[in-house]
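A closer look at the structure
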Amino acid sequence: MKEIWITLATVIVAPLVGGVITGIDRKITARMQNRFGPPILQPFYDLSKLFSKETIVVSNTQILYAFLFLVFNIVAVVMFVLKMDLLLILFILAFATTALILGAMATNSPYSRIGAHRELISVLAYEPVLIAMIVAIYFVTGSFNIEDILKHNSLLILDLPFIFVAFSYVLTIKLRKSPFDLSTSHHGHQELVKGITTEFSGPVLGLIELGHWYELVLLLLFVWLFFAKNIFVAITAILICYFLEIVIDNISARLTWKIMLQLTWSVAFGFALVNLIWVYIKYRLL
């Protein structure tokens, strides 16, 4: 019974948190660009407007894929809050991204398909880092289960500092922020068409936006996991981490997919690999 209430609370609260964070993001971004910016609740007004529009799709399968993108993200967040298997959560998150890619590929639009291809390249870039992170956590705690991970006797960041740096790096890709906003961008100045979401509109686009809010909350929960032993430190780390993402988003130009792939596999995966070897020797060999 307790799990049911936690699930309901997560399904209701997570998009509210995600929407507010998105609103704050827009506000800070506007101030950095010397603009007043929209109200913090603007994302909710935008979402309400999307759901009030007529449903128009190029292909009926777009509705299914948009719905699956939302559902997979909801399931991933709920599983995290219920302290379930971290590896399984990562796989479900990958299914959500796959649904978005298939939705974009369901049309013949070249812009949509280019966005889908770029999202696929982004997946190839960040997934090895995320898998290295999960494996490193397993080496330290001896479990993929979040409930067991939280019983570890110290902050995970103390054993996994380079893994955290690597995760912060791929967080920019996962949040689709500059310089890695290749598949789509939240900024209007970046492009005239919206990449992977070009052919989505109205309520179907609303489902995707809602899915992004759940995804945002889940990614910030991953940040929390590194500092979970101290709630104040964890909240501070999340705020600093997300603020840095906004700063980087506003001061950097978009890179090409080749540079993104090279940097992620060399720098981010390099950091992750060093930390992975370190904790393997410390916890498995010594």
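Cut-offs applied
Residues numbered from 1 in each chain as written. Predicted model: local features only at pLDDT ≥ 70, side-chain atom pairs only at ≥ 80, totals over all residues. Heavy atoms only, no water. Helix = DSSP H or I, 4+ residues; strand = E, 2+ residues; numbered from the N terminus. Rg over C-alpha atoms; globule rule 2.2 N^0.38 Å. Buried < 20%, exposed > 50% of the residue type's maximum accessible area, 1.4 Å probe, protein only. Contact = heavy atoms within 4.5 Å. Areas by Shrake-Rupley, 256 points an atom, 1.4 Å probe, with all protein chains shown as cover. Salt bridge = Lys/Arg side-chain N within 4 Å of Asp/Glu carboxyl O. Expected span 1.5 Å × (residues − 1). Phe/Tyr/Trp six-rings, centres within 6.5 Å; stacked < 30°, edge-to-face > 60°. Axes fitted to C-alpha atoms, helices over the stretch in contact; angles between N-to-C directions. Parallel < 35°, antiparallel > 145°, perpendicular 65-115°, else oblique. UniProt positions renumbered as here; feature names shortened; annotations may be inferred. Core = buried A, V, L, I, M, F, W, Y, C linked by side-chain atoms within 4.5 Å. Patch = residues over 30% accessible without salt bridge, like charges linked within 9 Å, V, L, I, M, F, W, Y side chains within 5 Å. Polar contact = N/O pair within 3.5 Å; in protein donor to acceptor, adjacent residues only side chain to side chain.

For the protein, the name recorded in an unreviewed UniProt entry is Respiratory-chain NADH dehydrogenase subunit 1, with Caldicellulosiruptor owensensis as its organism.

The next thing to look at is the overall build of the protein. Looking only at helices and strands, the protein features 11 helices and 0 strands. The helix and strand sequence of the protein, counted from the amino end, reads α-α-α-α-α-α-α-α-α-α-α. Scaling as 2.2 N^0.38, a compact globule of 286 residues should have a C-alpha radius of gyration of about 19 Å, and the protein matches this with 19 Å. Projecting the C-alpha coordinates of the protein onto the three principal axes gives extents of approximately 60 × 50 × 40 Å. Counting only residues that meet the buried cut, the protein has 49% of its 286 residues in that class. Across the protein, the fraction of contacts at a sequence separation of at least 24, relative to all contacts at a separation of at least 6, is 77%. Accessible surface for the protein amounts to roughly 13,700 Å². Of this, 71% is attributable to carbon and sulfur atoms.

Under the definition given, this model contains 8 salt bridges. Between E215 and R176 there is a salt bridge, with its nearest N and O atoms 3.3 Å apart. Linking E215 in helix α9 (residues 202-226) with R176 in the loop between α8 (161-174) and α9, this pair joins segments that are 39 residues apart in sequence. Classification of R176 as buried rests on a relative accessible area of 5%. Close ionic contact of D249 with K177 constitutes a salt bridge, the shortest N to O distance being 3.8 Å. Placement of the pair is D249 in helix α10 (residues 231-251) and K177 in the loop between α8 and α9, with a sequence separation of 72 residues. K177 shares its class with D249; the two are buried.

What follows concerns α9. Between its first and last C-alpha, α9 extends 38 Å over 25 residues, near the 36 Å set by a 1.5 Å rise per residue. In terms of burial, α9 is a largely internal element, 23 of the 25 residues being buried.

Moving on, we come to the packing of aromatic side chains. Summed over all chains, the structure comprises 14 aromatic pairs. Centroid distance F164 to F226: 5.1 Å. Interplanar angle 65 degrees. Geometry classified as edge-to-face. Residue F164 is found in helix α8, and its partner F226 is found in helix α9; the two are separated by 62 residues along the sequence. Neither residue differs from the other here; F164 and F226 are each classed as buried.

Further remarks concern the packing of helix α5 (residues 110-141) against helix α11 (residues 257-285). Packing of α5 against α11 leaves a shortest axis separation of 9 Å and a crossing angle of 10 degrees. As far as their axial angle goes, α11 and α5 are roughly parallel.

We now examine the UniProt feature "transmembrane region" (unreviewed entry) in the protein. The UniProt feature table records "transmembrane region" (unreviewed entry) at residues 6-24, 63-82, 88-108, 120-140, 152-171, 231-248 and 260-281. Helix and strand shares over residues 63-82 are 95% and 0% respectively, and the end C-alpha atoms of the span are 28 Å apart. This span, residues 152-171, is 75% helix and 0% strand, and a straight line between its end C-alpha atoms measures 24 Å.

Below, the discussion takes up the nonpolar core. If you look at the biggest cluster of nonpolar residues, it comprises 84 residues, and the most contacted ones within it are L86 and F226. With 16 residues, α9 is the largest single contributor of residues to this core. Excluding anything up to four places from it in sequence, F226 contacts M133, L155, L156, I157, L160, I163, F164 and F167.

Once that is clear, we can look at a nonpolar patch on the surface. Nonpolar side chains collect at one region of the surface, where F162, V165, I259, L263, V267, F271, V274 and W278 lie side by side and expose about 600 Å² of accessible area between them. Of all the elements, α11 adds the most residues to the nonpolar patch, at 6 residues. Among the secondary structure elements, F271 is positioned in helix α11.

An α-helical turn contains 3.6 residues, so any two residues separated by three or four positions project in the same direction. Here helix α3 (residues 61-81) spans 30 Å end to end across 21 residues, near enough to the 30 Å set by a 1.5 Å rise per residue. All of the buried residues along α3 are Q62, A66, F69, L70, N73, I74, A76, V77, V78, M79 and F80. Once α3 finishes, K83 follows within two positions and takes phi at roughly 60 degrees, a positive value.

What follows covers the side chain of T29. Tracing the backbone through its elements, the reader meets T29 in helix α1 (residues 2-32). On the basis of relative accessible area, T29 is assigned to the buried category, the value being 5%. Within the local environment of T29, its side chain forms a polar contact with the backbone oxygen of D25, the two atoms lying 2.8 Å apart.

This next bit is on the environment of N275. Along the chain, N275 turns up in helix α11. A sequence separation of 106 residues divides N275 from Y169, and the C-alpha atoms of the two residues are 15 Å apart. Discounting residues that sit within four places of it in the chain, N275 has contacts with D159, L160, P161, F162 and I163.

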